Amino acid sequence: MEAESEPYVRLATMRQLHQAVADLNTARSLADTLQSVADGVVTGLGYELGCVNLVRPDGDLVVAAFAGNSAAESLITGRVGSRESWDRRLSMGEAWDELRFIPHTEGWVLLDDDVPQWHTEGPEPRFEDEWHPLDRLYAPMYASGGGLDLLGVISVDRPRNGRRPGAWGREALQMYASQAAIAISNARLRANMQRALVRLEREQQALRASEESFRQAFEYAPSGMAIAEMGGDQHGRLLRTNDALCRLLGRPASVLRRYSFADLVHPEDIGTLLRTSAEGGRAELRLGRRDGTYLWVSLRNSVVADATDGPRFLLTHVEDIEERKRNELNLAHRASHDALTGLPNSAELRSRLSARLCERPHSVASSAIEALDAAYGDVEGAAHGYRADGYEGEAAPGVGPYDHHVHMVAPDPDRDDGAKGLAVLFCDLDGFKSINDRFGHHAGDAVLIEVARRLTTCVRDGDTVARLGGDEFVVLADGLGAADAADLAVRLRNAIIPPIRVDGRAVRVGASFGIGWAECGMTEEEVLHSADQRMYVEKRSRSKVHRRAG
């Protein structure tokens, strides 16, 4: 039979992993959740054995659930391993991101410690990455909140394919451990909340004890929680907040009681908050802190009845996701910006150029009035097919009566008619290679960083300075005439020429500029090529003495 392709195997594994994670969220109790975690290792991750070791209040770890072998389950479930022994294991072997792999060549020293163990006999590995019966792989689970508070450890054994997990298998196990930690924390929280709510409804004599239990579950929750009014004139007003939420927002509880979440949410996220259903709704938005900054949070709502047929309240769980959002933004920034200079990179430059261009040739709108008609939609003219020359005829293809795109037209360099356009200034440094050759790439990098800074300080806020690569830069400046663009090129060249201090020495570079214009009907590659060609013409026309650097 033909071997299954890797994408198909990944898709099948992702489906199994998705089902395993879904099973975690359907468990009704903490015990069911722990057993679901162990079962998911076997059914969703491709291991024959899975074990969940849970941290007890005294710090030691107990085997709380086991899957894959009934004999091993009856032998080690409920047994306890000391925290000291577990800390030793989690510091040995190889760190696979947050996972810890201990090969059999190192793990033999652990055979006699007090951690419950189960090993199966098997042949010696024949390949370098084949799984050995004494290999160990652990996935630590940490409590939510961004700290390193150990919640438990998932230990796995005997991959079904007989090999050590690759990058995809490691990532899947790490993702599963993260979701398992959330499920266990939520199961604990639900258990505490459910116990409190049951006592509030059914045990009137034990009302004070029930309130205390609820208070502890609410106050000491690791993430922010709040109770708000439902209905009436003060719908949404915060009635009670826990210490975690107060610390998260930098405001005392007495101050938070004056607000609702609608008062604290970022103006751009108010729509997200309003669209969130009160009945179990969830949203990711920004809440304002006392210092004026905003924090990304995950907000989940549920409705709680105070008593039978009594008033209902909104219980809101607030989780800090600032670090995740920051990482997402950093990834997006790294993908679109040059790592050395921090300027937009070639892909981002082309994206910005492409957003300003269309396939309609620039000759369709040849005057300022016609350009306005094209931008705001000359309904009558478009309906009758009036051409730019004033005669009736077939309308230009792709031009509708409501075309709001402002078409780019290049100013005529031979006629000062006040026309403005999007100037594309292609810059190539002169003498940069000699600096790299004489002083090394470190000096060259320092020069590029300083040139990027000087270019950025010479343009307007709305302009773009991008690095194409090597010693080539491009400046996009909108709303310039031909004379304006020439003046800008002179200012940029004059800003680059002064000496640059690198490691105690002064070096100089020159710059050659070519000025192109972005016009509708051109592609971004054609625009850049046009400016590049003009730069080479300008470079050849200038005297070598003006381009000398060193």
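Definitions and limits used
Residue indices begin from 1 for each chain and proceed along its sequence in written order. Reporting in this predicted model follows two pLDDT cut-offs: at least 70 for local features of residues, and 80 or more for side-chain atom pairs to be given and counted; totals over whole chains, interfaces and linings ignore these cut-offs and use all residues. Side-chain measures here rest on the full set of heavy atoms in the structure, leaving out hydrogens and waters. Note on definitions: the grid is 1 Å and covers protein atoms alone; a cavity is a set of points where a 1.4 Å probe fits but cannot get out; a pocket is an open set with protein on both sides within 12 Å along at least five of seven lines; lining residues have an atom within 4 Å of a point. Grid points are joined across faces, edges and corners, and a volume is the space filled by probe spheres set on the points. Labels follow the DSSP assignment, with helices taken as runs of H or I lasting at least four residues and strands as runs of E lasting at least two, numbered in each case from the N terminus. The nonpolar class holds Ala, Val, Leu, Ile, Met, Phe, Trp, Tyr, Cys and Pro. Asp, Glu, Lys and Arg form the charged class, and all remaining residues, Gly among them, are polar. pLDDT measures the predictor's confidence residue by residue and takes values from 0 up to 100. Here a residue-residue contact requires only that any non-hydrogen atoms of the pair lie within 4.5 Å. Think of a nonpolar core as a cluster: buried Ala, Val, Leu, Ile, Met, Phe, Trp, Tyr and Cys residues, connected wherever their side-chain atoms sit within 4.5 Å. Under the scheme applied here, a residue whose accessible area is under 20% of the maximum for its type counts as buried, over 50% as exposed, and between as partly exposed, the area being computed with a 1.4 Å probe on protein chains only. The patch calculation keeps residues exceeding 30% relative accessible area without a salt bridge and links them within 9 Å when they carry like charges or within 5 Å when they are nonpolar (Val, Leu, Ile, Met, Phe, Trp, Tyr). Each accessible area is a Shrake-Rupley result for a 1.4 Å probe, and residues are judged covered by the shown protein chains and nothing else. One side-chain nitrogen of Lys or Arg within 4 Å of one carboxyl oxygen of Asp or Glu is enough to make a salt bridge. Working definition: a disulfide is two cysteine sulfur atoms within 2.5 Å of each other. Following DSSP output, two strands are said to pair if at least two bridges run between them. A fitted line through C-alpha atoms represents every axis, and for helices the fit uses only the stretch in contact; the resulting angles, taken between N-to-C directions, go from 0 to 180 degrees. Two helices that cross are described as forming a left-handed crossing if the nearer one is turned anticlockwise from the farther one by less than a right angle, and a right-handed crossing if clockwise.

### What about empty space enclosed by the protein?
Here is step 1: Enumeration over the complete set of coordinates arrives at 1 cavity of 30 Å³ or more.
Here is step 2: If you add up the space inside the largest cavity, you get close to 260 Å³.
Here is step 3: Forming the boundary of the largest cavity are 20 residues, of which Pro116, Gln117, Trp118, Tyr138 and Ser155 lie nearest the centre.
Here is step 4: Those elements that place two or more of their residues in the lining of the largest cavity are strand E1 (47–55), helix H4 (83–89), strand E6 (136–142) and strand E7 (150–159).
Here is step 5: By residue number, the principal contributor to the lining of the largest cavity is E1, which donates 4 residues.
Here is step 6: Grouping the constituent residues of the lining of the largest cavity by class yields 11 nonpolar, 5 polar and 4 charged.

### Digging into the confidence of the model for the protein
Here is step 1: Summarising the model, the protein shows a mean pLDDT of 81, and 81% of its residues fall at 70 or more.
Here is step 2: Scored below 50 in pLDDT, residues 363–369 makes 9 contacts in the model with residues more than four places away or belonging to other chains.
Here is step 3: In the predicted structure, residues 374–402 sits below a pLDDT of 50 and forms 43 contacts with residues beyond four places in sequence or in another chain.

### Structural notes on the nonpolar core
Here is step 1: Formed by 34 residues in total, the largest nonpolar core has its most connected members in Val37, Leu45, Leu137, Met141, Ile154, Leu173 and Tyr176.
Here is step 2: Put simply, the parts of the chain that give this core at least two residues each are helix H1 (6–26), helix H2 (30–44), E1, strand E2 (61–67), strand E5 (99–102), E6, E7 and helix H6 (167–202).
Here is step 3: When residues in this core are grouped by element, the largest group, 8 residues, is from H6.
Here is step 4: Look past the residues within four positions of Leu173 in its chain and what remains in contact with it is Leu45, Tyr47, Leu99, Leu137, Ala139 and Val156.
Here is step 5: Ranked by size, the runner-up nonpolar core spans 31 residues in total, among them Ala423, Leu425, Cys427 and Leu480.

### A few points about unusual backbone geometry
Here is step 1: The phi torsion at Asp97 lies on the positive side, around 60 degrees, for a residue other than glycine.
Here is step 2: Note on Asp97: relative accessible area 63%, which makes it exposed.

### Some thoughts on a nonpolar patch on the surface
Here is step 1: Together, Trp108, Val109 and Leu111 make up an exposed nonpolar region whose accessible area comes to about 290 Å².
Here is step 2: Locating Trp108 in the fold gives a position in the loop between helix H5 (104–107) and E6.

### With respect to the state of the cysteines
Here is step 1: Tallying each qualifying case throughout the model produces 0 disulfides.
Here is step 2: Cysteine Cys358 remains unbridged, with the sulfur of Cys520 as its closest cysteine sulfur at 3.5 Å.

### A short note on the pattern of salt bridges
Two side chains carrying opposite charge are able to pair once their charged atoms lie near each other.
Here is step 1: Within this structure, the stated rule accounts for 28 salt bridges.
Here is step 2: A salt bridge links Glu328 to Lys325, with the shortest nitrogen-to-oxygen separation between them at 3.9 Å. Of this pair, Glu328 and Lys325 are both found in helix H12 (residues 322–336), 3 residues apart, which corresponds to roughly one turn of the helix.
Here is step 3: With relative accessibility at 36%, the residue Glu328 sits in the partly exposed group.
Here is step 4: Among the residues examined, Lys325 registers a relative accessible area of 16% and is labelled buried.
Here is step 5: A single salt-bridge network, built from bridges that share partners, covers Glu284, Arg324, Lys325 and Glu328.

### Quick look at the sheet that holds strand E15 (residues 472–480)
Here is step 1: Taken in spatial order, the 4 strands make up an open sheet running E14-E15-E13-E18, and their pairing is antiparallel. The open sheet terminates on both sides in strands that have one partner only, identified here as strand E14 (464–469) and strand E18 (510–518). Averaged over neighbouring strand pairs, the angle between their axes works out to 25 degrees when direction is ignored.
Here is step 2: The pairing of strand E13 (residues 421–430) with E15 spans 7 bridges and is antiparallel. Pairing of Phe426 across the sheet is with Val474, part of E15.
Here is step 3: Sitting on the sheet, helix H13 (residues 346–356) is in contact with E13, E14, E15 and E18, with an inclination near 130 degrees to E14.
Here is step 4: Against the sheet, helix H17 (residues 441–457) touches E13, E14, E15 and E18, its axis set at about 5 degrees to E15.

### Quick notes on the packing of H17 against helix H18 (residues 482–496)
Here is step 1: Between H17 and H18, whose axes approach to 9 Å, the crossing angle comes to 145 degrees. When the axes of H17 and H18 are compared, the crossing they make is right-handed. Of H18, the residues touching H17 (which contributes Val451, Arg454 and Leu455) are Leu492, Ala495 and Ile496.
Here is step 2: Residue composition of the contact of H17 with H18, by class: 5 nonpolar, no polar and 1 charged.

### Some thoughts on the sheet that holds E2
Here is step 1: Across the sheet, 7 strands lie side by side as E3-E2-E1-E7-E6-E5-E4; this open sheet has antiparallel pairing. Looking at which strands have only one partner, the edges of the open sheet turn out to be strand E3 (80–81) and strand E4 (94–96).
Here is step 2: In terms of strand pairing, E2 meets E3 through 2 bridges, oriented antiparallel. Bridge pairing in E3 links Val62 to Val80.
Here is step 3: Sheet strands in contact with H2 are E1, E2 and E7, and its direction is about 150 degrees off that of E1.

### A closer look at the packing of helix H16 (residues 432–439) against H17
Here is step 1: The N-to-C vectors of H16 and H17 enclose an angle of 145 degrees; their axes lie 6 Å apart at closest approach. Here Phe432, Ile435, Asn436 and Phe439 of H16 lie close against H17, whose contacting residues are His441, Ala443, Gly444, Val447 and Leu448.
Here is step 2: Of the residues in the contact of H16 with H17, the class split is 6 nonpolar, 3 polar and no charged.

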